[in-house]
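# Descriptive analysis of the structure
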Amino acid sequence: MSGNEAIARGAYEYGVGLASAYPGTPSTEILENIGKKYPEIRAGWAPNEKVALEVAAGAAYGGVRSLALMKHVGLNVAADPFMTLSYTGINGGLVVVVCDDPEMHSSQNEQDTRNYAKFGKVPCLEPSDSQEAKDMLGEAFKISEEFDTPVILRGSTRISHSMSLVETKERVLGPVEPGLRKEPPKFVMLPGFARRRHPLVEERLKKLAEFAETFPFNQIIMGDDSLGIISAGVAFQYAREAFPNASFLKLGMVWPLPPRMIQEFASKVKRLIVIEDLDPFIEEGVRLMGIQVQGKELTGLCGELSAEKLEKAVLGSSSAKGVAPIEMDLPMRPPNMCPGCPHRATFSALKKNKVYVAGDIGCYTLGALPPMGMLDNCLCMGAGIGIASGLGRSLGDLAKGKAVAVIGDSTFFHSGMTPLLELAYNGGSTTVVLMDNRTTAMTGAQHHPGTGFTLRQDPTITADIEKLADAFGFKRVTVVNPYEVQKLQSVIKEELEADEPSLIISRAPCALLKTGRILPDKPLRIDADACKGCKSCINTGCPALEFVKFKEKPEGEKRQGYSTINEALCVGCRTCYELCKFDAIKEVS
Amino acid sequence: MSTNNVTNVIIVGVGGQGIILASDVLGRVAARNGYDVKKNEIHGMAQRGGSVSSHVRFGPNPISSPIIKMGEADVLLSFEQLETVRYWDFLSASGKVIVNDHKILPPAVFTGQQEYPADILEQIKQRVPDSVVVNGLEAASKLGNPRVLNVIFLGVLSTFLDIPAEIYEEVLKESLKPKLVEINLKAFHEGRALV
């Protein structure tokens, strides 16, 4: 099982009654697996992580074991309920699974979730493989209920997406009897009540540190005493790989730390090193105990660790004997929008209008890459509309008619609705282009409140974006099919000139979706003689197009080459057709 | 194969080529053979036509890291010429190479900004003379379905590993939809016959 499958399995085995999440790599498949395999668990996508955690908190207040699942930056969104949940505590167990992304394989930053555990005064467990991911989820629920606290289970990309063998067990429900529990001093965080809860939180942390001393997943593994390594999570596996004979203190609970255990281990080894991904979290804890230790000075703060990085950092060189290298100038192969992607069409229309684009997070973030190059900023989920509003109102004529925001449908429901309301409320003339592809595409096509279906494919409401904009007071709302690039281009031009905020909904289903498909799935062809080699089509970056350069220019030839279409890849979206000024692109008869 | 009786296989190519399924099956095969197994790959943004790599490690003793150390891969199985070079440094000095004789042009090449390197196969063969180059697309077309490319290469790969073919067959039967089993079993044996 992958780490994500193992956590889903753990949710089943440890009697979870409710699970809520917003998709985010690398955590997405946890709820997907719960949805597919474990009907015993009430599970659904939430519009964002804050709501997911609040839904989970509700279940936990009702005595039901519950799970909120998210990627690291999702906890920023959920930070508000998280910080005070620490004060109210729970009733049924509550675990927040947060998956970090060292190396930023699919993320905008590499923040370290363990800091939130310390910040929120909440215990944090960290598994090092799939079996531990499942087992520790069970431990997390026990701790949650015994100490009346939410618990973080910190994963990472390499835990979520690594597969290893897992032993399974039967489902057992938690010890708490479900029901409505009235207890305002515990659950109503008025200042007067909260003042009484805070000392309990501090007391709880002390008890947890004591508990950590005997927590079975905190383990001393003695080997050679010349090198002692304190480590946790997947970093422990890298360290074991690099230094199989060293002594280890493997921490399963990374917050709070077990001081006596660390003192004992430190006294048994000659050289002490902390090996951990990202921040010097354990290292600083060890230093505060007055123990001399090495850590980030060797392993560095950025990117993910690996066995060979550790060998080089600690021993000065790697033991591996690799093959003779190949020196070659390799073209990069970044991810790209798919053939037929409606975002490519929308960006092409935006490009024709030469606008500044405040971006957002989704497949359309790839529009930043060459040759499209049509994103000028991208900060976090839902930020684009607010940034465009701020640019527009502060710069006035300097931005008028030149700056737009783009946002996807799922991101809009996640955290784009409030900035859209701000824009309507405070005015200005910003244009928002909502790139509505009817799914959460980047994470693998999950449903959201606008698709009409739930996690388990059951039919449900379809949130209506047009009506929402109307309710917010938008007077200018246009729905356009992005594949009609020229029309979209003129709509954008018109809205940019308007003196009030406007919303353009550029709507066509993701090219990978099978339902609601409007793509003809018939390839186009380019008449090589009619092609002038201007590259208008090529500059969309469509993988179905290729520019064929002349090796030797024929006599009298002005072009450098001509464009062709790979008919195996082309789905006939006609974006290139709309852009071609020379009628060189035809349908295949 | 290598030190500590761990076999390290890295499978690389381009998003959409079926790399994840191939490595999933290999992982299950190794587990069925009684080995401890760890497997890792990168999902997410890499799926959109980006470069993809999957690491599979197995052996009779417990496996620690899910990632292969640079210079320790026993087999580099590559579904695309250029990607072979991108992950070349993972290969050990005694490692084997299996390459699909196929080019998928990256954006800088299909937009005419950069050339696709011309002599990749020569460079590979200079360093690892017994590299196996297979025209996978041709073999898949012969079977009438280009999507079985990944299982053809699983067949090629199986001849380099010490796990019986029957175990691959069992796992393929279990992991695929019933209507796809027959053609994939054919593809697997086609791959074995190519070596």
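Take the overall build of chain B next. Looking only at helices and strands, chain B has eight helices and six strands in total. Counted from the first residue to the last, chain B has its helices and strands arranged as β-α-β-β-β-α-β-α-α-β-α-α-α-α. Its C-alpha radius of gyration of 16 Å places chain B within 12% of the 16 Å reference for a compact globule of 195 residues. Principal-axis analysis of the C-alpha atoms places the extent of chain B at approximately 50 × 40 × 35 Å. Among the 195 residues that make up chain B, the fraction classed as buried is 54%. A separation of at least 24 residues holds for 65% of the contacts in chain B among residues at least 6 apart in sequence.

Residues and elements named next belong to chain A. Across the sheet, which stays open at both edges, the five strands sit in the order 13-14-15-17-16 with parallel pairing between neighbours. If you trace the sheet from one side to the other, it starts and ends with strand 13 (356-358) and strand 16 (476-480), each paired once. Going across the sheet, the axis of each strand differs from the next one's by a mean of 25 degrees, ignoring polarity. Across three bridges, the pairing between strand 13 and strand 14 (residues 403-408) is parallel. Note on strand 14: the bridge partner recorded for V357 is V404.

Okay, the interface of chain A and chain B next. Contacts between chain A and chain B engage 46 residues on the former and 48 residues on the latter. Every element with two or more residues in the side of chain A that touches chain B is listed here: strand 7 (162-164), helix 11 (233-242), helix 15 (307-315) and strand 19 (545-549) of chain A. Of the residues contributing to the side of chain A that touches chain B, the split by class is 25 nonpolar, 13 polar and eight charged. As judged from the three bridges shared by strand 7 of chain A and strand 2 (residues 36-41) of chain B, these two strands associate in the antiparallel manner. Counted as the bridge partner of A:S162 is B:N40 from strand 2 of chain B.

A separate point is helix 1 (residues 19-32) of chain B. Here helix 1 of chain B contains 14 residues, and its C-alpha end-to-end distance of 20 Å stays within 8% of the 20 Å for a straight helix at 1.5 Å per residue. If you check which residues of helix 1 of chain B are buried, you get B:I19, B:A22, B:S23, B:V25, B:L26, B:G27, B:R28, B:V29 and B:A30. Elements that come into contact with the buried residues of helix 1 of chain B comprise strand 7 of chain A together with strand 1 (7-14), strand 2, strand 3 (51-59), helix 6 (149-158) and helix 7 (165-175) of chain B. B:G34 lies just past helix 1 of chain B and shows a positive phi near 95 degrees.

Residue and element names in this part refer to chain B. Assignment of secondary structure puts S175 in helix 7. Among the residues examined, S175 registers 15 C-beta atoms within 10 Å and is labelled partly exposed. In sequence terms S175 and L157 are 18 residues apart; their C-alpha atoms lie 18 Å from each other. Every residue in contact with S175, bar those within four places of it in the chain, is listed here: D24, V25 and R28.

The next subject is the pairing of strand 14 of chain A. Burial runs high along strand 14 of chain A: six of the six residues are buried. Burial of strand 14 of chain A is two-sided: the residues A:A403, A:A405 and A:I407 facing one way and the residues A:V404, A:V406 and A:G408 facing the other way are all buried.

Rules and cut-offs
Residue positions are counted from 1 within each chain, in the order its sequence is given. Chains and ligands are labelled by the order in which they are written, letters from A for the one and numbers from 1 for the other. In view of the model being predicted, local features appear only for residues whose pLDDT reaches at least 70, and side-chain atom pairs are presented and counted only at 80 or more, with totals across whole chains, interfaces and linings using the full set of residues. Helix and strand labels come from DSSP, where a helix needs a run of H or I of at least four residues and a strand needs a run of E of at least two; each type is numbered from the N terminus. The globule rule used here is 2.2 Å times the number of residues to the 0.38 power, and the radius of gyration it is set against is calculated over C-alpha atoms. The exposure scheme places C-beta atoms from the backbone and then counts, for each residue, the other C-beta atoms within 10 Å of its own, assigning buried at 20 or more, exposed at 12 or fewer, and partly exposed in between. Working definition of a contact: two residues with C-beta atoms, positioned from the backbone, lying within 7 Å. Any two strands with at least two DSSP bridges between them are considered paired. Angles here are taken between N-to-C directions and fall from 0 to 180 degrees, while the axes themselves are lines fitted to C-alpha atoms, restricted in helices to the stretch in contact. Each residue is assigned to one class: nonpolar for Ala, Val, Leu, Ile, Met, Phe, Trp, Tyr, Cys and Pro, charged for Asp, Glu, Lys and Arg, and polar for all the others, Gly among them. Multiply 1.5 Å by the residue count of a helix minus one, and that product is the helix's expected span.

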